[in-house]
Amino acid sequence: MTRVQTLKVDDDGIDQRLDRWLRKRFPHVGQGMIERACRKGEIRVDGKRVKTSARLEEGQMVRVPPLPDAAVQAEAKARRPNVSDSDAKMIRGAVIFKDDHIIALNKPPGLAVQGGSGQTRHVDGLSAALAFELDSPPKLVHRLDKDTSGLLILARTGRAAAGLAKAFQSRETKKIYWAVVAGVPRPSEGTVQTGLVKAPGHGPHGAGEKMVSVHPSEIGDVPGAKRATSDYKLISAAARRAAWVALSPITGRTHQLRVHMAEIGTPIVGDGKYGTNSQTNEGDGWGAQLGGDISRKLHLHARTLILKHPVTGKILTLTAALPEHMARTWTFFGWQESEAATNPFEEDAY
């Protein structure tokens, strides 16, 4: 570490932002470290606390706290997980929103969020490519299933991570998913409430485990069962064979939306785990495949996320474009994305 330094602003620093002036002099020091030092009052201008955006004047004295040595920083950077150029391009291409505090991705289907169960390629492992100008990669604050596409938020700072974690836990955010289901739900909108409990799989290391629905009256009698609640709303139907629905999880249990749609007899298309791989209605609801030109991939997409920014407090409404296989299904049925309100669950949405 270096010692405390006091640097004088010369004429080449006039009207420069403080953070940019510091980065020019200490290129091995990341934006995150500078922001933290300003928040703590460790960086001062003429003895006063300042923001990173403060504009400098000639002759001002800038107090700089002890900083890591450039060689130490380079070694730490070298220890980060190695991300291939193609994976870095892919994950950066998935970014749909970025500021100093958060990053929002449109996660592709088939990409796991974290490792486990043989997953070696996942968002968490690729996050080093999302550090951009900061010292460390962003942190996960919630999850999506591997085969579910759509909005995934990552925190770039500790303050943002704490704020987002609190918002997700207290259900202050509104998550809206789009799905295609086999069959048409009746009634056309409603709430599904069950318990969910994990049943172990029969494969190696528990592979194949799934969530099992439990009647609400029996939750207390089933060890490990937790209450799960989901809202659904029909947007458009293709005769009685398939439907586009909006879904909103009130709780956040594993595979919740997939289990609940299968529970009411209309499994999500492509979901052989909770529906079946058939294309027929065998009495308890349709199979999870439509056949023909409709993809066999899971048709579940985290479409919209409405949340309060964890630092600025502003309301953000983020929307993720449909993945290719779902977009083809929309074209096949002639559905227009404009048919659905941003939040179909608002009373005056239509």
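Treat the numbers as computed from the prediction; the structure is a model and nothing was measured.

1. Observations concerning the sheet that holds strand β2 (residues 44-45)
Piece 1. With respect to topology, four strands assemble into an open sheet ordered β1-β4-β2-β3, the strand pairing being antiparallel. A strand with exactly one partner marks an edge of an open sheet, and here the two such strands are β1 (5-8) and β3 (48-49).
Piece 2. Of the pairings in the sheet, the one linking β2 to β3 comprises two bridges and is antiparallel in character. In the strand pairing of β3, V45 is matched with K48.
Piece 3. Running at roughly 65° to strand β4 (residues 61-64), helix α1 (residues 18-25) makes contact with β1, β2 and β4 of the sheet.

2. Description of the UniProt feature "active site" (unreviewed entry) in the chain
Piece 1. In the UniProt entry, the feature "active site" (unreviewed entry) is given for D145.
Piece 2. Within the secondary structure, D145 sits in the loop between β7 (139-140) and β8 (149-155).
Piece 3. Setting aside anything within four residues of it in sequence, one finds D145 in contact with K107, H255 and R258.

3. Description of the environment of K308
Piece 1. Structurally, K308 can be placed in strand β14 (residues 300-308).
Piece 2. When neighbours within four sequence positions are excluded, K308 is seen to be in contact with G313, K314 and I315.

Calculation criteria
Residues numbered from 1 in each chain as written. Predicted model: local features only at pLDDT ≥ 70, side-chain atom pairs only at ≥ 80, totals over all residues. Heavy atoms only, no water. Pairing = 2+ DSSP bridges. Helix = DSSP H or I, 4+ residues; strand = E, 2+ residues; numbered from the N terminus. Contact = heavy atoms within 4.5 Å. Axes fitted to C-alpha atoms, helices over the stretch in contact; angles between N-to-C directions. UniProt positions renumbered as here; feature names shortened; annotations may be inferred.

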